[in-house]
Amino acid sequence: MIRFTNASLEYARGTVALHDVNLFIARREFVFLTGPSGAGKSTLLKCIYMDERPDSGEVKVGATSSLTATRTDVAKLRRKTGIVFQDFRLLEDRTVEQNVAFALEVIGAPRNTIAGKVSRVLTQVGLASKTTALPRELSGGEQQRVAIARALVNDPFVLIADEPTGNLDDRATRGIFQLLRDISASGTAVVMATHNLDLVRRSDYRTIELTHGEIVFDSASIAAPTGVALLDDDAGMTEAVL
Amino acid sequence: MSLATREALVSFRRAPLLSALSITTIAFSLFAFGLFGLVVLNIRQALETVSERVEIRAFAYDGTDSRSVAAAVAEISAYPEVLRADVILPQEALERARREMGEFKDVFESAFLPTAIEVRLKPGYRDPDAVQRVAGKMGAFAFVEDVRYGEDWINQLHRIRNIAGATGMVLGLAFAIVAVIIIGATIRMAMMARAREIEIMRLVGATDGFIRRPFLIEGAIKGTVGGALALGLTWFATSVIERYLSFDTVFFDTRLAVAGVIAGAVIGLAGSMVSVSRQLRQA
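Residue numbers here run from 1 along each chain, matching the order of that chain's written sequence. Here every chain gets a letter starting at A, and every ligand a number starting at 1, in the order they are written. Whole-chain, interface and lining totals are the exception, using all residues; otherwise, since this is a predicted model, local features are given only for residues with pLDDT of at least 70 and side-chain atom pairs are given and counted only at 80 or more. Processing note: side-chain calculations cover all non-hydrogen atoms of the structure and skip hydrogens and water entirely.

Participant: So what about the overall build of chain B? Which residues, and what values?
Facilitator: Tallying secondary structure elements over chain B gives 9 helices and 4 strands in all. Numbered from the N terminus, helices here are DSSP runs of H or I no shorter than four residues, and strands are runs of E no shorter than two. Scanning chain B from its N terminus toward the C terminus, one meets helices and strands in the order α-α-β-α-β-α-β-α-β-α-α-α-α. As a reference, a globule follows 2.2 Å times the number of residues to the power 0.38, and the radius of gyration itself is taken over C-alpha atoms. Taking 283 residues into account, the globule formula puts the C-alpha radius of gyration at 19 Å, and chain B, at 29 Å, lies well above it. Across its three principal axes, chain B shows a C-alpha extent of roughly 95 × 40 × 30 Å.

Right, dumping it as structure tokens:
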């Protein structure tokens, strides 16, 4: 479903963001992306929704190839990829349901279908009682749920989450992670970049570690993982997590 | 109402100060454009009035048969350039000379003045070439002794009209470009103010065309409102000038006034288009 083939990307001033990345993510898979800051996690995610394209190699998401996709192709791809960020990126002057409905309105969804879809997805993320609240009236965890609802409302085949719990306390983090697990269980692939190694430890999902734009570890390539070294960004030390 | 129109209208509510600033800026740049247009219009009107006085006179030899003159007048009247051709008999010429040059009224005698054919040209044919062409044809009649049409004066008038027209075009274009740039800048500010919204639109799969639409509508609305305001300001300025400076001025007729407001909308649209395309290319 998502395939990176010898994908390399260098930013201006020579910063290597991705180096010869080869990767396949299957439908319904849950994948953690870990690694220190600047390792290339966000760039890899951006390549999936084609906000960035590799200088060499190819990224293929569904039928959309980074080599041939036009701006319209990219727009169509994004209608089927939900994207969630650490800073929520909500419209502050619109209510919860307007924020979610916005994702449907801008792609020209039939107006009579919008209310039903919005209601369903807000129930799914546990915000059915907060539809008329403004983002500033919500907690961080709730705001992230709104962002997830917006990402889900178009029934994406993959949910891309870039540090979705980075701004949340432990309790909210657990809630959001559980929600992402439920989403994955219902058939949507989830690719989540995180620094939170506790989350990685507590689950047995596939983990890919990046350093300097290179994949240095992929749990899927180990038949029976017994121990994996992951770099703890804050402490600057390796930690056995599996 | 479509989402694009709703978004365009909502932007006025969300950022009223910025919208008011944009419309005011557009109104004043179009006001400058309008004032200049009015100056050009009045100059053209004045020149048109002057050019109505362009006339060609052919003087007949003494003793020319009046039937020959009448036949010539009929022929000249049929020229495409000619508005009217009249015979001026000596007696009539004398009366006119006495009227126009009172201090010489005792000097003239009708016998001293020849019969003449006086020709006025249609608008659009009052340029040196047409005047010369008609004068040449009039001079070809056998009974015509001399043809006069104030060559220098006509050339001068034509030059002034050309200069006024060219200056009008160049300055008008300059004002229009300034208006486009100003509107583009205000739309750019509006886009920056809505950068988060545009970013989200892109993330959820809106096409460039969809993102562009509300801004184009916003630009067109701002241009139209700005154009209407500019028209009002121009009318007010004209009234003040007429009242306090006792000038007789010509104002835009309905057709020109509507064209001015439409031009405002087009300029607004053009400014938005330039700005939005640039912004989307950078994104």
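Participant: Give a detailed account of the interface of chain A and chain B, specifying residues and quantitative values.
Facilitator: Each partner contributes to the interface: chain A provides 22 residues, whereas chain B provides 21 residues. Interface area lost by chain A to chain B is led by Arg71(A), Arg89(A) and Val106(A), which between them contribute 29%. Throughout this description, the term salt bridge denotes a Lys or Arg side-chain nitrogen within 4 Å of a carboxyl oxygen of Asp or Glu. At the boundary of chain A and chain B, one finds 4 salt bridges. Across the pair Glu105(A) and Arg6(B) runs a salt bridge, and its minimum N-O distance is 3.1 Å. Between N or O atoms, a polar contact is any pair within 3.5 Å; within protein, one atom must be a potential hydrogen donor and the other a potential acceptor, and residues adjacent in sequence are included only when both atoms are from side chains. Our count for the contact surface shared by chain A and chain B stands at 6 residue pairs in polar contact (both at pLDDT 80 or more). Among the secondary structure elements, those contributing two or more residues to the side of chain A that touches chain B are α2 (71–78), β6 (81–85) and α3 (96–105) of chain A. Among the elements that take part in the side of chain A that touches chain B, α2(A) stands out by supplying 4 residues, more than any other. In the scheme used here, Gly and all other residues not listed as nonpolar or charged are polar, with Ala, Val, Leu, Ile, Met, Phe, Trp, Tyr, Cys and Pro taken as nonpolar and Asp, Glu, Lys and Arg as charged. Tallied by class, residues from the side of chain A that touches chain B come to 10 nonpolar, 2 polar and 10 charged. Any two residues whose heavy atoms approach within 4.5 Å at even a single point are treated as in contact. When two components associate, each loses some accessible surface as probed by a 1.4 Å sphere; the sum of these losses over both components is called the buried area.

Participant: Got a sec to walk through the domain arrangement of chain A? Specific residues and values, please.
Facilitator: Residue and element names in this part refer to chain A. Domain annotation of chain A identifies domain 1 (1–80 + 158–242) and domain 2 (88–155). Contacts between the two partners involve 12 residues from domain 1, matched on the other side by 13 residues from domain 2. Considering only the side of domain 1, the residues that lose the most area to domain 2 are Arg79, Ile176 and Leu179, jointly responsible for 44% of the buried surface there. Counting across the domain 1 and domain 2 interface gives 0 salt bridges. An automatic or database domain assignment provides the domain bounds reported here.

Participant: Could you give an account of the sheet that holds strand β9 (residues 206–211) of chain A, naming the residues involved and the relevant values?
Facilitator: Residue and element names in this part refer to chain A. Judged by pairing direction, the sheet is mixed, and its 6 strands sit side by side in the order β6-β7-β8-β3-β9-β10 without closing on themselves. Every interior strand has two partners, whereas the edge strands, β6 and β10 (214–218), have only one. On average, adjacent strands in this sheet sit at an angle of 20° to one another, irrespective of strand direction. Across the face of the sheet, helix α1 (residues 41–48) comes into contact with β3 (30–34), β7 (158–162), β8 (189–193) and β9 while running at roughly 150° to β7. By definition, two strands form a pair when at least two bridges between them are found by DSSP. Geometry is summarised by axes, namely lines fitted to C-alpha atoms with helices restricted to the contacting stretch, and by angles between N-to-C directions that run from 0 to 180 degrees.

Participant: Summarise the packing of helix α8 (residues 208–245) of chain B against helix α9 (residues 254–282) of chain B; cite the residues concerned and give the values.
Facilitator: Residues and elements named next belong to chain B. Between α8 and α9, the least distance of the axes is 7 Å, while the angle of their chain directions is 145°. Once α8 is placed against α9, the crossing between them reads as right-handed. Contact residues: Asp208, Ile211, Arg212, Phe215, Leu216, Gly219, Ala220, Gly223, Thr224, Gly227, Ala228 and Leu231 in α8; Ala257, Val261, Gly264, Ala265, Gly268, Leu269, Ser272, Met273, Val276, Ser277 and Leu280 in α9. Class assignment of the residues belonging to the contact of α8 with α9 gives a composition of 13 nonpolar, 8 polar and 2 charged. Each crossing gets its hand from how the near helix is turned against the far one by less than a right angle, where anticlockwise is left-handed and clockwise is right-handed.

Participant: Tell me what's going on with the pairing of β7(A), and back it up with residues and numbers.
Facilitator: Residue and element names in this part refer to chain A. Per-residue accessibility, obtained with a 1.4 Å probe over protein chains only, is compared with the maximum for each type, and a residue is labelled buried under 20%, exposed over 50%, and partly exposed between these values. Burial analysis of β7 places 5 of its 5 residues in the buried class, which makes it a mostly covered element. Burial along β7 is two-sided: Val158, Ile160 and Asp162 and Leu159 and Ala161, pointing in opposite directions, are all buried. Where β6 lies against β7, 5 bridges are found, and the strand directions are parallel. Each residue of the ladder has a partner; that of Val84, found in β7, is Ala161.

Participant: Would you mind going over the environment of Phe102(A) in detail, with residue names and values included?
Facilitator: Residues and elements named next belong to chain A. Along the chain, Phe102 falls in helix α3. Residue class for Phe102 comes out buried when judged on its relative accessible area of 1%. Along the backbone, Phe102 and Ser129 are 27 residues apart, and their C-alpha atoms lie at a distance of 19 Å.

Participant: Give a description of the pattern of salt bridges that names residues and reports values.
Facilitator: Opposite charge on two side chains allows them to pair when their charged atoms are near. Applying the stated criterion to the full structure yields 22 salt bridges over all chains. Here Asp93(A) and Arg94(A) are joined by a salt bridge, their closest N and O atoms 4.0 Å apart. Counted as one network, the salt bridges with shared partners bring together Asp87(A), Arg89(A), Arg196(B) and Glu199(B).

Participant: So what's going on with helix α5 (residues 128–139) of chain B? Which residues, and what values?
Facilitator: All names here are of chain B. Across its 12 residues, α5 extends 16 Å between first and last C-alpha, which sits within 8% of the 16 Å expected from 1.5 Å per residue. Listing the buried residues of α5 in full gives Pro128, Ala130, Val131, Val134, Ala135 and Met138. All buried residues of α5 lie within an arc of 165° about the axis, which places them on one face of the element. If you follow the buried residues of α5, they end up packed against β1 (55–60), α3 (66–77), β2 (82–88), β3 (116–121), β4 (144–148) and α6 (151–193). A helix is expected to reach a length of 1.5 Å times the quantity of its residues less one. Note that the arc is defined by the directions from the helix axis to the C-beta atoms.

Participant: Before we move on, could you go through the packing of α3(A) against helix α5 (residues 140–152) of chain A and cite the residues and values that matter?
Facilitator: All names here are of chain A. Relative to each other, α3 and α5 sit at 30°, their axes nearing to 8 Å. Between α3 and α5, the interaxial angle falls into the category roughly parallel. Viewed along their axes, α3 and α5 form a crossing whose handedness is right-handed. Between α3 and α5, the residues in contact are Val96, Asn99, Val100 and Ala103 and Val146, Ala149 and Arg150, respectively. Looking at the contact of α3 with α5 residue by residue, the class counts come to 5 nonpolar, 1 polar and 1 charged. Reported orientations rely on four angle classes, namely roughly parallel under 35 degrees, roughly antiparallel over 145, roughly perpendicular from 65 to 115, and oblique for the rest.

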